[in-house]
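A closer look at the structure
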Amino acid sequence: MRVFKILKVAIPVIALAVILPIAAIAGVPEVSHVMVTDVTTVSFSVIWAASEASTADLEVYEDVDGTIPVTGAVITSHPVSCGDPTIKTAAEDNGVMKVRVTGLSADTTYYFQTVTTSKSPPGITYEPASAPFTSVTTEIATTRSINSNGDEVPFSNDIIIESCYLEDGITPADGTLLLATIEGANYPLTAFVGDGVDAPYALIDLNNAFDRETHENLDLSQGKNLTLLNFRGKKGYSVVSQDLPEDFSLSEIKYADCGIKSGWNFLSIQLEPNDTSLATVMDPIMDDIIAVWSYDTLSDDWSRYDKNNPFPWLNDLENVYSLTGYWVLADSETSLLTNGSFMTDEPIQLYAGWNLVGYKSIETRDLMDAISMIYDHLNAIWTYDTKDDRWLRYDKNNPFPWLNDLQYVEPGKAYWIKVTENCEW
């Protein structure tokens, strides 16, 4: 029997929603950043952040009102495949919550409520506090082969290894979840630092990625976008956008390729930097970049930082923000890791005309879902693919609609958006 519900806190479940600071109540954990991850045909996980050291649990139901509990499901708090209990303890103490549910049926919708219990009793927070509960649908089929010229050819993906540190860049981020958003994948994948590998490393098994369209295992290829988030709870967050490495179908352990290529890059960052000064944000890659440009719609003016500018006093780009798009000129491949906080409670202000912006979600979104709230004001949305040197677009007025080849909105990308009037995205 579950413990009596001492306190209910009503907080909307939105992927990576930021909860505004409020007066903390000892023993009553605040909940934020609830996200479904690691969905397969027979399982799913839920991760979230708690404001204090806590334990995690889930209530799982067959119906949206929570009247029919799922029977036969196995619910595991802070699953760690290597069996090291110190990983679970460190995560709980950092407020990093993860629960895995297994023993489910394929292509079936389930509903859940997170249960966060403070380690300083007696407070419990339920999210959402009452029905309707949050849904997740398991994937359709496990597939380990693809059709190639009429033949079924087996495939496998690589395992990505990534080092995870605290903001100082030195201290291993014990108790941290590494979250990977993969271009074309339906849900993010997660792994605890130190699970199956020595800290500060974490391993992301790309074989667990499922296709957004077919809901079967995704055969990944080199160059796909890979955004890695250090989900550190009370100890903050960091994010880096990279690319998948070359894949020889051998499930090798590899580092990701650099996300910033030599030449012009069209990018944004998903976290608001703790220090927004350009010198601080770009410091890790300053030796690899030549210029950074940003556009302001209201003033119809470009701001820039250019190392080769013969008139350095014209370098007027002083700060770098999330939710903003940037052109970055690099003379070598590199990746930019940013420490900061989520801004998903803040709308992106769009003005009539063209806007150069980022996107606030850490997850890939279907284009139509992403632009639904601004669709009536939208003329066009464009992004630039550096690795293929081509533009992708969706234009409502395109006389040749089959040329609209932009399907997703991805983290780490920048977007030109043209709207007919001022609106919020």
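Bear in mind the structure is a predicted one, so any value in this text is a computation, not a measurement. (Residues numbered from 1 in each chain as written. Predicted model: local features only at pLDDT ≥ 70, side-chain atom pairs only at ≥ 80, totals over all residues. Heavy atoms only, no water.)

1. Let's talk about the sheet that holds strand β14 (residues 201–205)
The test is simple: For two strands to pair, DSSP has to find at least two bridges joining them. A run of DSSP states H or I qualifies as a helix once it reaches four residues; a run of E qualifies as a strand once it reaches two. Both are numbered from the N-terminal end.
If you walk across this open sheet you meet the three strands as β14-β11-β17, and the pairing is mixed. Among the strands making up the open sheet, the edge pair consists of β14 and β17 (253–254).

2. Quick notes on the packing of aromatic side chains
Any two aromatic rings considered together are summarised by their centre-to-centre distance and by the angle between their planes. Here is the rule: Centre distance within 6.5 Å is the pairing criterion for rings of Phe, Tyr and Trp, where only the six-membered ring of Trp is used; planes under 30 degrees apart are then read as stacked, over 60 as edge-to-face, and the remainder as tilted.
Under the defined criterion, the tally for this structure stands at 19 aromatic pairs. Geometrically, the ring pair formed by Trp354 and Trp416 is edge-to-face, given 6.4 Å between the ring centres and 90° between the ring planes. Here Trp416 lies in strand β30 (residues 415–419) and Trp354 lies in strand β25 (residues 353–357), a separation of 62 residues in the sequence. Three or more aromatic residues link up through ring pairs in this structure, and these residues are Trp264, Phe266, Trp327, Trp382, Tyr384 and Trp391.

3. Examining helix α1 (residues 85–94)
To be explicit about the condition: Note on classification: 1.4 Å probe, protein chains only; a residue is buried when its accessible area is under 20% of the maximum for its type, exposed when over 50%, partly exposed between these limits. Contacts were defined at the residue level, with two residues in contact if any of their heavy atoms lie within 4.5 Å.
Of the residues making up α1, those classed as buried are Ile87, Ala90, Ala91, Glu92 and Asn94. Elements that come into contact with the buried residues of α1 comprise β2 (44–50), β3 (54–61), β5 (96–102) and β13 (189–192). Looking one or two residues beyond α1, the residue adopting positive phi is Gly95, at roughly 75°.

4. Observations concerning the pattern of salt bridges
Where charged atoms of side chains with opposite charge meet at close range, the side chains can pair. Cut-off, in case you're wondering: Salt bridge, as used here: a side-chain nitrogen of Lys or Arg that lies within 4 Å of a carboxyl oxygen of Asp or Glu.
Across all of its chains, the model carries twelve salt bridges by this definition. One salt bridge connects Lys254 with Glu252, and the closest N-O pair in it is separated by 3.4 Å. Looking at Lys254, the relative accessible area reads 14%, which means it is buried. You can call Glu252 partly exposed: its relative accessible area is 30%. Residue Arg393 is joined to Asp405 by a salt bridge in which the shortest nitrogen-to-oxygen separation is 3.1 Å. On the criterion of sequence distance, the pair formed by Arg393 in strand β28 (residues 390–395) and Asp405 in the loop between β28 and β29 (408–409) is long-range, its members being twelve residues apart. Among the charged side chains, a salt-bridge network with shared partners connects Asp388, Arg390, Arg393 and Asp405.

5. Some details on the sheet that holds strand β22 (residues 326–330)
Using the following cut-off: For helices, the fitted axis covers only the stretch in contact; all axes are lines through C-alpha atoms, and the angles between them, taken along N-to-C directions, range from 0 to 180 degrees.
Strand order across the open sheet formed by four strands is β18-β22-β20-β21, with antiparallel pairing between neighbours. Strands at the two margins of the open sheet, each flanked by one partner only, are β18 (263–267) and β21 (301–306). On average, each strand axis in the sheet is tilted by 20° relative to the strand beside it, whichever way the strands run. Alignment of strand β20 (residues 289–296) against β21, held across six bridges, turns out to be antiparallel. Bridge pairing in β21 links Ser294 to Ser303.

6. A short note on the nonpolar core
Note the cut-off: Note on terminology: a nonpolar core comprises buried Ala, Val, Leu, Ile, Met, Phe, Trp, Tyr and Cys residues joined through side-chain atoms within 4.5 Å.
Of all hydrophobic cores here, the largest spans 22 residues; its most connected members are Ile182, Ile204, Leu206, Ala209, Leu220 and Leu226. Sorting the residues of this core by element identifies β12 (177–182), β13, β14 and β15 (225–231) as the ones contributing at least two each. At three residues, β12 tops the list of elements feeding residues into this core. Residues Met343, Leu367, Leu406 and Ile417 belong to the second largest nonpolar core, which totals 21 residues.

7. Remarks on the state of the cysteines
Basically, it comes down to this: Cysteine sulfur atoms are paired as a disulfide whenever they come within 2.5 Å of each other.
In the structure shown here, the tally under the stated rule is zero disulfides. Between Cys82, a free cysteine, and Cys164, which holds the nearest cysteine sulfur, the sulfur-to-sulfur gap is 14 Å. Residue class for Cys82 comes out partly exposed when judged on its relative accessible area of 39%. Cys164 sits in the buried class, given a relative accessible area of 0%.

8. Points about the environment of Val419
Relative to the helices and strands, Val419 resides in strand β30. Those residues in contact with Val419 that lie beyond four places of it in its chain are Leu350, Tyr351, Ala352, Gly353, Asn355, His377, Leu378 and Asn379.

9. Focus: empty space enclosed by the protein
Let me state the cut-off plainly: In this analysis, the protein atoms alone were mapped onto a 1 Å grid. Cavities are point sets where a 1.4 Å probe fits without being able to get out; pockets are open sets with protein on both sides within 12 Å along at least five of seven lines; lining residues have an atom within 4 Å of a point. Grid points are joined across faces, edges and corners, and a volume is the space filled by probe spheres set on the points. Put simply, Ala, Val, Leu, Ile, Met, Phe, Trp, Tyr, Cys and Pro go in the nonpolar bin, Asp, Glu, Lys and Arg in the charged bin, and everything else, Gly too, in the polar bin.
Scanning the entire structure with this criterion turns up five cavities of 30 Å³ or more. Approximately 320 Å³ is the volume attributed to the largest cavity. What lines the largest cavity is a set of 23 residues, and nearest its centre among them are Ser241, Gly259, Ile260, Leu267 and Gly412. For the lining of the largest cavity, the secondary structure elements donating two or more residues are β16 (237–243), β18 and β27 (378–385). The biggest single contributor to the lining of the largest cavity is β16, with five residues. Within the lining of the largest cavity, the residues separate by chemical class into eight nonpolar, ten polar and five charged. In this structure, the second largest cavity is lined by Asn157, Asp158, Leu206, Leu220, Ser221, Gln222, Leu244, Pro245 and Asp247. Broken down by class, the residue content of the lining of the second largest cavity amounts to four nonpolar, three polar and two charged.

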